[in-house]
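# An overview of the molecular structure
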Amino acid sequence: MKQGKFITLEGGEGVGKSTNLSFVKQLLETHKIDVITTREPGGTIIAEKIRQLLLDKGDEVVSEQTELLLMFAARAQHIQQVIQPALRQGKWVLCDRFTDATYAYQGGGRGMDVSVIAWLENHVQGGLRPHLTLLLDAPVEIGMERAQKRAELDRFESEKQHFFEQVRTAYLQRAASNPQQIKVIDASQSLPDVQAAISDSLQMLIKNNHA
Ligand code: Z5A
C-alpha cells in the first residue's frame, strides 16, 4: 500500500493554525483523501498529559532541558502510536505543529543548542520528516492580538514579545534553508486569501497522489 503524506502546520501563536487545519482537512477530503488530524505536543493519552505539564503555569519553574526533553518524549509517543501507523495505512496525517516548532521555540526562543535538537530529531524520528510544512507567518503583534481574545494565557503565551520575535525569525530561517518542505504563507491577510494560498501550496501534493 502507498504510504500517506505527512503535512504540518506551523507558526507563532494566534496566526491561525487551528482555523486552517480544519480548512486543509476539508480540502483534502473533497479530493477523496483519507486524512487524520492531530497536534503537538499531544495526540495520544500520554502525550496529552505531557502537554498539560508543558503548558500549565505551576509553582515549579520548568527548566529548558526539561521542556526540550518533554517535547521529544511526547513526540516519540505520538509518532509510534499515531503518526507512523496512519501513514503505513495510507492515510494522510495533518499535524498542528511538529519539530519545526522545537527549532523555533526551544532553538530560537530559548536559545538552546540547535545541534542537540537535531540529534534528538534523528534519534526520535529516524527518517520521518514532513512532506510539506505550511508556515503561517504574520507579525508578532497580529498573532498576539488574535490570541489575546482568548480566556487565560498558558505558559508559552505568557512569554514577552521579544521571545516571539525570536521564534518568528527562527521559523523564517528554517523556511529559507528548506524551501522544498516549508512553504511560507502570509497569515496577516484575510482568511479567504490565506486559504487560497494554502490551497495553491497543496496542489502539487494532491496531484501527485492521484497520479
Ligand atoms: N511548542 C514548543 O515550544 N515546542 C514544540 O516543539 C511544540 C510546541 C510542538 C502549544 O501550541 C505551545 O507549545 C505553543 C508552542 C509550544 N505555544 N505558543 N505560543 P499550540 O499550537 O496549542 O498554541 P498556539 O500557538 O497558541 O496555537 P493556537 O492558540 O491554537 O493559535 P492558532 O491555532 O495559530 O490560531 P487560531 O486559534 O486558529 O486563530 C486565532 C484567532 O484568530 C481565532 O479567533 C481565529 O478566528 C482568528 N483568525 C485566524 N486567521 C485569521 C485571519 N487570517 N484573519 C483574521 N482572524 C483570523
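Before reading on, note that the structure itself is shown above.
Figured I'd write up the structure that's included with this text. Sequence order sets the numbering: in each chain, residues are counted from 1 along the sequence as written. Local features in this predicted model are restricted to residues of pLDDT 70 or higher, and side-chain atom pairs are both shown and tallied only at a pLDDT of 80 or more, whereas totals for entire chains, interfaces and linings draw on every residue. In computing side-chain values, all of the structure's heavy atoms are included and hydrogens and water are not.

### Examining the nonpolar core
Across soluble globular proteins, nonpolar side chains show a tendency to be buried alongside one another. This is how it is decided: In plain words, nonpolar cores are sets of buried Ala, Val, Leu, Ile, Met, Phe, Trp, Tyr and Cys residues tied together by side-chain atoms within 4.5 Å. Categorising residues by exposure relies on relative accessible area from a 1.4 Å probe, with only protein chains included: less than 20% of the type maximum marks a residue as buried, more than 50% marks it as exposed, and the intermediate range marks it as partly exposed. Strands here mean DSSP runs of E at least two residues long; helices mean DSSP runs of H or I at least four residues long; both are numbered from the N terminus. Two residues form a contact once any of their heavy atoms are found within 4.5 Å.
In terms of nonpolar packing, the biggest core is built from 22 residues, with Ile7, Leu28, Leu136, Ile198 and Leu202 touching the most fellow members. At the level of secondary structure, the elements contributing two or more residues to this core comprise strand 1 (6–11), helix 1 (17–30), strand 3 (92–96), strand 4 (132–137) and helix 8 (191–210). Here this core takes 5 residues from helix 8, the largest share from any one element. Discounting chain neighbours no more than four positions away, the residues touching Ile198 are Asn20, Phe23, Val24, Leu134, Leu136 and Ile185. Counting residues in each nonpolar core, the second largest holds 21 residues, with Met71, Val140, Phe156 and Tyr171 among its members.

### Observations regarding the side chain of Lys17
With respect to the secondary-structure elements, Lys17 resides in helix 1. Not counting residues within four places of it along the chain, the set of residues in contact with Lys17 comprises Leu9, Glu10, Gly11, Gly12, Asp96, Arg97 and Leu136.

### Some points on helix 7 (residues 161–177)
Short version of the rule: Helix span is expected to be 1.5 Å times the residue number reduced by one. When we speak of the arc, we mean the arc of directions from the helix axis to the C-beta atoms.
When the terminal C-alpha atoms of helix 7 are compared, their 25 Å separation across 17 residues agrees well with the 24 Å that a helix rising 1.5 Å per residue should span. Here helix 7 has its buried residues at Phe163, Phe164, Val167, Ala170, Tyr171 and Ala175. Buried residues along helix 7 cover an arc of 140° about the axis, so they all sit on one side. Relative to its buried face, helix 7 has exposed residues pointing more than 90 degrees away, namely His162, Gln173, Ala176 and Ser177.

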